[in-house]
Amino acid sequence: MRVMVLVKANEDSEAATLPTREDLAAMTRFNEELVRAGVMLAGEGLHPSSRGKRVRFDGEQRTVIDGPFTETKELIAGFWLWQVSSLDEAVEWLKRAPFREGEVEIRPVMETEDFGEAVTPEIREAEERMRAQIERRQ
C-alpha cells in the first residue's frame, strides 16, 4: 500500500527558517534508510505558504488567493510518499523520524481499485497509460 506522510507546518517553516546542518544531516540519514528499505517513493519539503496560492472553486467561478495563509495548523511543510505493507508499518517508520516536535499525518493513497465499479475498463486503461507515461518521464 502507498501512504502519503504529511509533515505539518509550524511557525518556523512558515517563516522560511531553514533546518540546522545537524537537523538536515539527521533527516538525510533517515531518508537514506527509507530508500535502502524500499519504502520511500518520493519526499520533499515545501516553501512557506507566502510563496503559494490557492484556487477556490464555486461552480464555474475560480478565485485565486495569494498566500500566506493564516491557519498554520492546516498547512503542510513537506511530504513523503511511502510504499509499505500496512499503516502500522508506516507508523513504525515514522516513529524513527528525527523530529523533536510537531505533528505528522499518515494517510493511505487511494488506488484505482478503491473506486470500485466507477472504474470502467476504459478508465483503468487510461490510468495505466498515464502511469506508464509518468514513469518514462522520470
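Residues numbered from 1 in each chain as written. Predicted model: local features only at pLDDT ≥ 70, side-chain atom pairs only at ≥ 80, totals over all residues. Heavy atoms only, no water.

If you look the protein up in an unreviewed UniProt entry, it shows as YciI family protein from Thermorudis peleae.

Considerations on the nonpolar core
The line we're drawing: As used in this record, nonpolar core signifies buried Ala, Val, Leu, Ile, Met, Phe, Trp, Tyr and Cys residues forming a set joined through side-chain atoms within 4.5 Å. Exposure classes here rest on a 1.4 Å probe applied to the protein chains alone. A residue is buried below 20% of its type maximum, exposed above 50%, and partly exposed in between. Helix and strand assignments come from DSSP, with helices taken as H or I runs of at least 4 residues and strands as E runs of at least 2, each series counted from the N terminus.
Among the nonpolar cores identified, the biggest contains 15 residues, and Phe30, Trp80 and Trp82 are the most heavily contacted of them. Looking at this core, the elements that each hand over two or more residues are strand S1 (2–8), helix H2 (21–36), strand S5 (76–83) and helix H3 (87–95).

Examining the UniProt feature "domain: YCII-related" (unreviewed entry) in the protein
Put simply, the rule is: UniProt positions are given in the numbering used here, feature names are shortened, and annotations may be inferred rather than shown by experiment.
Feature annotation in UniProt assigns "domain: YCII-related" (unreviewed entry) to the following positions: residues 1–111. Secondary structure within residues 1–111 divides into 26% helix and 34% strand; the distance between the first and last C-alpha atoms comes to 9 Å.

Quick notes on the packing of aromatic side chains
Put simply, the rule is: Here is the rule: rings of Phe, Tyr and Trp (six-membered ring for Trp) pair when centre to centre is within 6.5 Å. Planes less than 30 degrees apart are stacked, more than 60 are edge-to-face, and the remainder are tilted. Any Lys NZ or Arg CZ that is within 6 Å of a ring centre and within 35 degrees of that ring's normal is treated as a charge sitting over the ring.
In total, this model carries 3 aromatic pairs according to the counting rule given. With centroids separated by 5.7 Å and ring planes inclined at 75 degrees, the aromatic side chains of Phe30 and Trp80 adopt a geometry described as edge-to-face. With Phe30 in helix H2 and Trp80 in strand S5, this pair connects stretches of sequence that are 50 residues apart. Looking at Phe30, the relative accessible area reads 3%, which means it is buried. On the accessibility criterion, Trp80 (4% relative accessible area) is buried. For the ring pair Trp80 and Phe99, a centre distance of 6.2 Å and an interplane angle of 65 degrees mean the geometry is edge-to-face. Of this pair, Trp80 sits in strand S5 while Phe99 sits in the loop between H3 and strand S6 (104–108), and the two are 19 residues apart along the sequence. The rings of Phe30, Trp80, Trp82 and Phe99 are connected pair by pair, giving a single aromatic cluster. Arg54 extends its terminal NZ or CZ atom over the ring of Phe69, reaching a point 3.9 Å from the ring centre.

Details of the pattern of salt bridges
To be explicit about the condition: Each reported salt bridge corresponds to a side-chain nitrogen of Lys or Arg within 4 Å of a carboxyl oxygen of Asp or Glu.
What the rule picks out here adds up to 9 salt bridges. Across the salt bridge formed by Asp66 and Lys53, the nearest N and O atoms sit 2.4 Å from each other. Residue Asp66 is found in strand S4 (residues 61–66), and its partner Lys53 is found in strand S3 (residues 53–58); the two are separated by 13 residues along the sequence. In this structure, Glu125 and Arg129 form a salt bridge, with 3.2 Å as the shortest nitrogen-oxygen distance. With a gap of 4 residues between them, Glu125 and Arg129 both fall in helix H4 (residues 121–137), about one helical turn apart. On the basis of relative accessible area, Glu125 is assigned to the partly exposed category, the value being 49%.

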